[in-house]
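# Coordinates in review
Read off the chains here:
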Amino acid sequence: MHKFSALALFLVLSLNVAQAAEPLRVVTSFSILADMARQVSGEQIEITSLVAPDSDIHAFSPSPTQARTLSQADVLIFNGLQLEGWLTRLIEASDYDGVRVTASEGISARTGDAHEDDHGHDHGDSHDQGEADPHAWLDVNSAQQYVVNIRDGLIEADPDNAERYRDNAKRYLDELKTLDQDIRASMAAIPEAQRVVVTSHLAFGYYGDAYEVRFLSPAGLSTASAPSAAEMARLIDVIRDNQVPALFLENNTNPGIIHQLAEETGLPIAGTLYSGALASEGEASTYVGMMRHNATLLHEGLSSTKTQD
């Protein structure tokens, strides 16, 4: 009887340990949020990004497998600002009832027509005219609010590890403050008249506001919007009028439009910027690395017409 009681006690304790060791399960809508969550949590949680690195969140459609993944999660982290139009349906399909973190909560959203791209066209996309621009993470100051919201959501779901989340978030926020200062210095070193950038779609509005760079694009806030021939012609005129030195691709958009502009204008393509997705590997596979890559590429591309890799 004594041996049986000891065995039962051992099994109960082993079960409790196994349950305690089970990691917090976190689902994020896209890869940038997954990296932010990983920086705040450390290695002790299980993170799944619905939209993979180098993939376009605007064109994403969730699968039944992803609905099952969400149904088992403890925390859901998403951007908000109308970025994830598919998310309500996914939550309903999965019966998800865990903690929800809107990463952009508390950020003053800019709108699609608040900063016209200076060639006066109507993008023809419902996300552009008066609706929220969702790409707030491209201003590092706003990204710090993302981190605060993610930290608080993890603490809500896992209060036993609150101190770890707070410590990690503080370290990461300090790193982001340094990053923000470095980007400001890099952009300020370029003459204001040369700070004109052409990209695949209007993802960089917050970046432009924060770091005093003008971004032009033949497409709207969503990669789903396609420019007309007249819009392309107007943009080419603006490029020539502003003596834009180079064009830039984006890692998660179709390169065809930028290649067409390069042919029409004779401008070099300076390289690939990262806007809505991290790289699968390399420097831009983290948020900080992505933003440093962008700042370096923009500095080089706007300072010289030499084509970058």
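Now for a description of the structure that goes with this document.

Here is what the cut-offs are and how they apply
- Residues numbered from 1 in each chain as written.
- Predicted model: local features only at pLDDT ≥ 70, side-chain atom pairs only at ≥ 80, totals over all residues.
- Heavy atoms only, no water.
- Buried < 20%, exposed > 50% of the residue type's maximum accessible area, 1.4 Å probe, protein only.
- Helix = DSSP H or I, 4+ residues; strand = E, 2+ residues; numbered from the N terminus.
- Pairing = 2+ DSSP bridges.
- Axes fitted to C-alpha atoms, helices over the stretch in contact; angles between N-to-C directions.
- Parallel < 35°, antiparallel > 145°, perpendicular 65-115°, else oblique.
- Contact = heavy atoms within 4.5 Å.
- Nonpolar A, V, L, I, M, F, W, Y, C, P; charged D, E, K, R; others polar.
- Core = buried A, V, L, I, M, F, W, Y, C linked by side-chain atoms within 4.5 Å.
- Salt bridge = Lys/Arg side-chain N within 4 Å of Asp/Glu carboxyl O.
- Phe/Tyr/Trp six-rings, centres within 6.5 Å; stacked < 30°, edge-to-face > 60°.
- Lys NZ or Arg CZ within 6 Å of the ring centre and 35° of its normal.
- Right-handed = clockwise from strand over helix to strand, strands pointing away.

### Considering the pairing of strand E3 (residues 75-78)
Residues Val75 and Ile77 line one face of E3 and the alternating positions Leu76 and Phe78 line the opposite face, and both faces are buried. In terms of strand pairing, strand E1 (residues 24-30) meets E3 through three bridges, oriented parallel. Its bridge partner being in E3, Thr28 is matched across the sheet by Ile77. Note: E3 against strand E4 (residues 99-102), four bridges, orientation parallel.

### Things to note about the packing of helix H6 (residues 162-188) against helix H10 (residues 287-303)
Contact geometry for H6 and H10: axes closest at 10 Å, N-to-C directions at 5°. As the angle between them shows, H6 and H10 are arranged roughly parallel. Contacts between H6 and H10 involve Tyr172, Glu175, Leu176, Thr178, Leu179, Asp182, Ile183, Ser186 and Met187 from the first element and Tyr287, Val288, Met291, Arg292, Ala295, Leu298 and His299 from the second. Across the contact of H6 with H10, the residue classes break down as ten nonpolar, three polar and three charged.

### Considering the nonpolar core
Core analysis: the largest hydrophobic core is formed by 80 residues, its most contacted members being Tyr207, Tyr287 and Met290. Top contributing element to this core by residue count: H6, with nine residues. Core analysis: the next-biggest nonpolar cluster, separate from the first, contains 16 residues, Val198, Val244, Ile258 and Leu261 among them.

### Overview of the environment of His299
You can see His299 is positioned in helix H10. Placed 116 residues apart in sequence, His299 and Ile183 show a C-alpha to C-alpha distance of 9.5 Å. With sequence-adjacent residues up to four places away left out, His299 is seen in contact with Ser186, Met187, Ala189 and Ile190.

### Notes on the pattern of salt bridges
If you walk through the whole model with that rule in mind, you get ten salt bridges. Ionic pairing is found between Lys170 and Asp174, a salt bridge with its closest N-O pair at 3.4 Å. Taken together, the residues span about one helical turn, with Lys170 and Asp174 both in helix H6 at a distance of four residues. By relative accessible area, which is 35% here, Asp174 ends up partly exposed. Of the charged contacts, one joins Arg195 and Glu212 as a salt bridge, the two residues approaching to 3.6 Å between their closest N and O atoms.

### Overview of the side chain of Ser142
Position of Ser142 among the secondary structure elements: in helix H5 (residues 140-157). Excluding its chain neighbours within four sequence positions, the residues that come into contact with Ser142 are Ile107 and Ala136.

### Things to note about unusual backbone geometry
A positive phi angle, close to 60°, is found at Glu212, a residue other than glycine. Along the polypeptide, Glu212 turns up in the loop between helix H7 (205-211) and strand E6 (214-216). Classification of Glu212 by relative accessible area gives exposed; the value is 57%. At Gln243, a position not held by glycine, the phi torsion is positive, near 50°. Within the element layout of this structure, Gln243 appears in the loop between helix H8 (229-241) and strand E7 (247-250). Here Gln243 falls in the exposed class, since its relative accessible area comes to 69%.

### Comments concerning the packing of aromatic side chains
Scanning the model with the defined rule gives six aromatic pairs in all. With a centroid separation of 5.8 Å and an interplanar angle of 85°, the aromatic rings of Tyr207 and Phe215 are classed as edge-to-face. What makes Tyr207 buried here is its relative accessible area of 0%. Using a relative accessible area of 11% as the deciding quantity, one classes Phe215 as buried. Over the ring of Tyr206 we find Arg110, and its NZ or CZ is 5.8 Å from the ring centre.

### Here we look at the pairing of strand E8 (residues 269-273)
In terms of burial, E8 is largely enclosed, as four of its five residues are buried. Where E7 and E8 come together, three bridges link them in parallel fashion. Bridge pairing in E8 links Leu247 to Ile269. Between the parallel pair E7 and E8, the chain is carried across by helix H9 (residues 256-265), and the sense of this crossover is right-handed.

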